[in-house]
Amino acid sequence: MALDRPPELETHWEHFYERSIGCVGILKDWLTQAYRKALDENASSLTEQHWQSYAPSVSKCLQMALLSHRRGERHFSLNREN
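Rules of the game
All chains use their own residue numbering, which begins from 1 and follows the written sequence. With the structure being a predicted model, the display of local features is reserved for residues of pLDDT at least 70 and the display and counting of side-chain atom pairs for 80 or more, all residues being used for whole-chain, interface and lining totals. With hydrogens and water excluded, all non-hydrogen atoms of the structure serve as input to the side-chain values. Helix and strand labels come from DSSP, where a helix needs a run of H or I of at least four residues and a strand needs a run of E of at least two; each type is numbered from the N terminus. Note on classification: 1.4 Å probe, protein chains only; a residue is buried when its accessible area is under 20% of the maximum for its type, exposed when over 50%, partly exposed between these limits. Salt-bridge detection follows one rule: a side-chain nitrogen of Lys or Arg within 4 Å of a carboxyl oxygen of Asp or Glu. Disulfides are defined as cysteine sulfur pairs within 2.5 Å. As used in this structure description, the phrase polar contact means that two N or O atoms lie within 3.5 Å; if the pair is within protein, one of them must be able to donate a hydrogen and the other to accept it, and residues adjacent in sequence are counted only when both atoms belong to side chains. By definition, residues are in contact when any of their heavy atoms lie within 4.5 Å.

### Some points on unusual backbone geometry
- The phi dihedral of Ile-21 falls on the positive side, at around 45°, and the residue is not glycine.
- Here Ile-21 is to be found in the loop between α1 (13-19) and α2 (24-40).
- Backbone geometry places Asn-42, a non-glycine residue, at a positive phi of 55°.
- Owing to a relative accessible area of 70%, Asn-42 belongs among the exposed residues under this scheme.

Structure (structure tokens):
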């Protein structure tokens, strides 16, 4: 990263996991947006203020989780019939 100090993301891992519903692709997109914001501001590090504004909302997380659950149920049902 082109920042003076590495971000301290580990301390917020539960928040990242919760808001990405455990999907690394969602987390990657989220942190990429925050990183771009930090670079635009010439920040010395990626801070909570950078990534909080790009966090998926709770309602969006619930929608994503429900969709994932439905896909899993459909997959289970199709494989069970075979």
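### Regarding the pattern of salt bridges
- Enumeration over the complete set of coordinates arrives at 2 salt bridges.
- A salt bridge links Asp-29 to Lys-28; the nearest nitrogen and oxygen atoms lie 3.8 Å apart.

### Some details on the state of the cysteines
- Inspection of every chain in the model, using the stated rule, returns 0 disulfides.
- Note on Cys-61: no disulfide assigned, nearest cysteine sulfur contributed by Cys-23 at a separation of 11 Å.
- On the basis of relative accessibility, which here comes to 7%, the residue Cys-61 falls in the buried class.

### Quick notes on the side chain of Ser-45
- For Ser-45, the location among the structural elements is in the loop between α2 and α3 (48-52).
- Judged by relative accessible area, which is 4%, Ser-45 ranks as buried.
- Side-chain polar atoms of Ser-45 contact the backbone oxygen of Arg-5, separated by 3.0 Å.
- Aside from chain neighbours lying at most four places away, what touches Ser-45 is Leu-3, Arg-5, Pro-6, Pro-7, Ala-38 and His-50.

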